Amino acid sequence: MSACIELNQVGKTYAGVTALDELSLTIERGEIVGLLGHNGAGKTTTIKLILGVIAPTRGSVTVLGYSPRGKQSKSLRLQWGYLPESVGFYEQLTGREVLEYFARLKRIDRARVRQLLEQFTLAQAADRRVKTYSKGMRQRLGLAQALLSSPKLLLLDEPTVGLDPIATRDFFLTLDELRRQGTTIVLSSHVLPGIEQHVDRVAILDSGRLRAWGTLDDLRREAALPLTIRARGNWPDGFDPDHLPHAGISSYQYADNTLTLTIKREKKLTIMRELLADKGIEDIDVQAPSLETLYTYYNNGGDTGHA
Ligand code: ATP
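Residues numbered from 1 in each chain as written. Predicted model: local features only at pLDDT ≥ 70, side-chain atom pairs only at ≥ 80, totals over all residues. Heavy atoms only, no water.

A. Broad picture of the overall build of the chain. Within the chain, the secondary structure is distributed over 9 helices and 13 strands. The dimensions of the chain, computed from C-alpha atoms along their principal axes, are 75 × 50 × 35 Å. When burial is assessed residue by residue, the chain has 44% of its 307 residues classed as buried. In the chain, once contacts between residues fewer than 6 apart in sequence are set aside, the share between residues at least 24 apart is 68%. Counting every atom, the chain has about 15,900 Å² of accessible surface; 47% of that belongs to carbon and sulfur. (Helix = DSSP H or I, 4+ residues; strand = E, 2+ residues; numbered from the N terminus. Buried < 20%, exposed > 50% of the residue type's maximum accessible area, 1.4 Å probe, protein only. Contact = heavy atoms within 4.5 Å. Areas by Shrake-Rupley, 256 points an atom, 1.4 Å probe, with all protein chains shown as cover.)

Following this line, the structure appears as structure tokens:
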């Protein structure tokens, strides 16, 4: 079976502005992919190219085996759901009326509307006008609208902007559930907190170029950034730094019975073994670089910013 989305050396230029340059990505069916980048990185342009709203200046785009601007575009449209960056609703309509309006356009029956209102905890507010909805409720309504046709592919442009941490968490739990049901999800974002545990792979874009692409583990291996080890222990006379392994530690701090070490990734096992041999050690925790750290690293062209 073909991939869900294939972008092959795609470039997009708007009147002299290069929005995307040589972008190649293959997104498999059933994965959640995060398209990450600062403002102007090319995220919305990528989503519009996948939707076939705009044509690439160079390269090719294939979605579910077809060109999104070809003869199959009409049937493709029924297989994807799209949540734009700023969702505009008819404010005077109720949530139920909004969904019923789109359901009629897509020839979807009203039972699906009722089901989605329940699923997105909007049933109680279904008969209130949208103008009275909070940001989180609007976002849930937008997602319900994108899911009306039970799409195989869901494209979400900056879906968590303006959501509070609880609404963001709930939003990602919904995406996890959709993935379990086999939906492929592409979400663009410049808001990183909360994403890490929910994406299978990330693409980091900067000024229209792909800076990194892979699972977080792939990116961590490739970047080879330092790891942090926190070791708690019981050393009645204080910790003697002479007991630390001599190679691979870039920095060390000791406070409140806790030793914090920054270490070279490749020395992890050697250093762990030596620490575990210390009789005072009670607990050890290893922290890999976070998505935020990786994002900064790749946006700086693979530089940690430290001298
Ligand atoms: P944001 O997070 O701000 O939405 P983005 O990563 O989605 O940014 P794009 O909207 O894809 O970025 O824009 C990429 C580049 O292309 C930017 O420099 C933008 O100014 C430019 N651009 C986008 N659309 C047009 C257009 N219609 N005409 C001219 N330039 C455009």
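B. The side chain of Arg201, seen in detail. Considering the arrangement of structural elements, one finds Arg201 in strand 8 (residues 201-206). At a separation of 2.7 Å, a polar atom in the side chain of Arg201 contacts the side chain of Glu31. The contact partners of Arg201, leaving out residues within four places of it in the chain, are Thr26, Ile27, Glu28, Glu31, Ile32, Val33, Gly34, Trp213, Gly214 and Thr215. (Polar contact = N/O pair within 3.5 Å; in protein donor to acceptor, adjacent residues only side chain to side chain.)

C. Local environment of the site of the ligand. Neighbouring the ligand are 13 residues, the closest being Gly40, Gly42, Lys43, Thr44 and Thr45. In this structure, Ala41 approaches the ligand through a main-chain N or O atom, which is 3.0 Å from an oxygen atom. Between an oxygen atom of the ligand and a main-chain N or O atom of Gly42, the distance comes to 2.9 Å. When the ligand is considered free in solution it has 640 Å² of accessible area, and contact with the protein chains removes 64% of it. Elements with a contribution of two residues or more to the shell around the ligand: strand 2 (17-27) and helix 1 (43-51). (Near = heavy atom within 4 Å.)

D. How the structure looks around the packing of aromatic side chains. Per the counting criterion, the structure on display carries 5 aromatic pairs. Taking the centre distance of 5.2 Å and the plane angle of 75° together, the rings of Tyr101 and Phe102 count as edge-to-face. The residue whose ring lies beneath Lys12 is Tyr14, and the NZ or CZ to ring-centre distance is 5.4 Å. (Phe/Tyr/Trp six-rings, centres within 6.5 Å; stacked < 30°, edge-to-face > 60°. Lys NZ or Arg CZ within 6 Å of the ring centre and 35° of its normal.)

E. Region of the structure containing the domain arrangement of the chain. Per the domain assignment, the segments of the chain are domain 1 (3-220) and domain 2 (226-288). Using only C-alpha atoms to locate each centre, domain 1 and domain 2 end up separated by 43 Å. (Domains from an automatic or database assignment.)

F. Representation of the sheet that holds strand 4 (residues 58-63) within the structure. Across the sheet, 3 strands lie side by side as 2-1-4; this open sheet has antiparallel pairing. Two strands close off the open sheet at either side, each with one partner strand: strand 2 and strand 4. Going from strand to strand, the sheet's axes swing by 25° on average, the running direction of each strand aside. Relative to strand 4, strand 1 (residues 5-14) runs antiparallel, the two sharing 5 bridges. Residue Glu6 lies in a different strand from strand 4, and its bridge partner there is Thr62. (Pairing = 2+ DSSP bridges. Axes fitted to C-alpha atoms, helices over the stretch in contact; angles between N-to-C directions.)

G. Up close: the environment of Asp109. Along the chain, Asp109 falls in the loop between helix 3 (95-105) and helix 4 (110-119). Separated by 120 residues in the primary sequence, Asp109 and Ile229 place their C-alpha atoms 55 Å from one another. Within the structure, the side chain of Asp109 is placed 3.0 Å from the backbone nitrogen of Ala111, a separation counted as a polar contact.

H. Up close: the environment of Gly136. Along the chain, the position of Gly136 falls in helix 5 (residues 135-146). Sequence-wise, Gly136 and Val161 are 25 residues apart; in three dimensions their C-alpha atoms are separated by 9.9 Å.

I. Structural detail: the sheet that holds strand 7 (residues 184-189). If you walk across this open sheet you meet the 6 strands as 5-6-7-3-8-9, and the pairing is mixed. Of all strands in the sheet, those with a lone pairing partner are strand 5 (80-83) and strand 9 (209-214), marking the two edges. Put simply, the sheet's adjacent strands are angled 15° from each other on average, direction ignored. With 5 bridges joining them, strand 8 and strand 9 adopt antiparallel strand pairing. In the strand pairing of strand 9, Val202 is matched with Gly214. Running at roughly 160° to strand 5, helix 5 makes contact with strand 5 and strand 6 (153-157) of the sheet.

J. Local environment of the nonpolar core. Counting 48 residues, the largest nonpolar core has Leu141, Leu154, Leu156, Leu175, Ile185, Leu187 and Tyr298 as the members making the most contacts within it. Discounting residues that sit within four places of it in the chain, Leu156 has contacts with Ile47, Leu83, Leu143, Phe171, Leu175, Ile185, Val186, Leu187 and Ser188. In this structure, Cys4, Val33, Leu35 and Ile47 belong to the second largest nonpolar core, which totals 26 residues. (Core = buried A, V, L, I, M, F, W, Y, C linked by side-chain atoms within 4.5 Å.)

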